[in-house]
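What follows is each chain in one-letter form.
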Amino acid sequence: MKLCVEFAGFQSVDVLGNPKAAPIALIFVIAWRTVGFAMVLILAGLKSIPKELEEAGEVDGASRWHTFWLIKLPLLKTPIMVTSIILMLSNFNNVDVPMVLTGGGPGDATNVITMELYDQGLCTITSG
């Protein structure tokens with residue numbers, strides 16, 4: 001797959017065919033897929049923080065930075081941990097993006113563990 005930008009005066013670039021650029025492209029696609037979910041969970045955690053705590057920080061003379069660092073962030077520990085665990089488990093099952101975009105190539109540049117497990121399982125099923 002070539003990213004063609006010749007109409008803008010640039011030469012075409014084979015992003016997914018370059019062994020150094022392909023993993024970066026996969027990271028970008030996977031981040032693009034998951035960042036919205038993480039934002040919704042963290043925003044829900046932010047909205048659940050009572051306004052009284054922020055007002056108490058303001059009365060005590062805390063700056064916006066101190067209010068975030070000492071009040072909001074400790075209360076966001078659970079939503080951040082839940083989001084991290086869900087996304088980590090989701091990414092362990094993420095075989096579709098590398099398989100669809102590159103098939104593990106070029107070479108083995110984008111071959112992830114789950115693709116290897118998938119390939120080994122397919123070999124076992126077809127040979128057995």
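Residues numbered from 1 in each chain as written. Predicted model: local features only at pLDDT ≥ 70, side-chain atom pairs only at ≥ 80, totals over all residues. Heavy atoms only, no water.

Right, let's get into the pattern of salt bridges. Here the structure, examined in full by the defined rule, presents 3 salt bridges. Between Lys-72 and Glu-54 there is a salt bridge whose closest N-O contact spans 3.8 Å. Here Lys-72, found in helix H3 (residues 64-75), pairs with Glu-54, found in helix H2 (residues 51-59); they are 18 residues apart in sequence, far enough to count as distant. Here the salt bridges do not stand alone but share partners, grouping Lys-51, Glu-54 and Lys-72 into one network. (Salt bridge = Lys/Arg side-chain N within 4 Å of Asp/Glu carboxyl O. Helix = DSSP H or I, 4+ residues; strand = E, 2+ residues; numbered from the N terminus.)

As for its placement among the helices and strands, Gly-57 is situated in helix H2. Linking Gly-57 and Leu-70, residues 13 residues apart in sequence, is a C-alpha distance of 9.1 Å. Sequence-distant contacts of Gly-57, that is, excluding residues within four places in its chain, are made with Ala-62 and Ile-71. (Contact = heavy atoms within 4.5 Å.)

Here we take up the environment of Val-95. Relative to the helices and strands, Val-95 resides in the loop between helix H4 (77-92) and helix H5 (96-101). In this structure, the C-alpha to C-alpha distance between Val-95 and Asn-111, residues 16 residues apart in sequence, is 9.4 Å.

Take the layout of surface pockets next. One number sums up the size of the largest pocket: a volume of about 270 Å³. Lining the largest pocket are 14 residues, and of these Asn-91, Asn-94, Val-112, Ile-113 and Thr-114 lie nearest its centre. Those elements giving two or more residues to the lining of the largest pocket turn out to be helix H1 (22-47), H4 and helix H6 (113-127). When the residues that make up the lining of the largest pocket are grouped by side-chain class, the tally is 10 nonpolar, 4 polar and no charged. Looking at the second largest pocket, its volume works out to about 180 Å³. Along the walls of the second largest pocket sit Glu-54, Glu-58, Ala-62, Ser-63, Arg-64, Thr-67, Phe-68 and Lys-72, which together make up its complete lining. (1 Å grid on protein atoms, 1.4 Å probe; cavity = no way out; pocket = protein on both sides within 12 Å on 5 of 7 lines; lining within 4 Å. Points joined across faces, edges and corners; volume = space filled by probe spheres on them. Nonpolar A, V, L, I, M, F, W, Y, C, P; charged D, E, K, R; others polar.)

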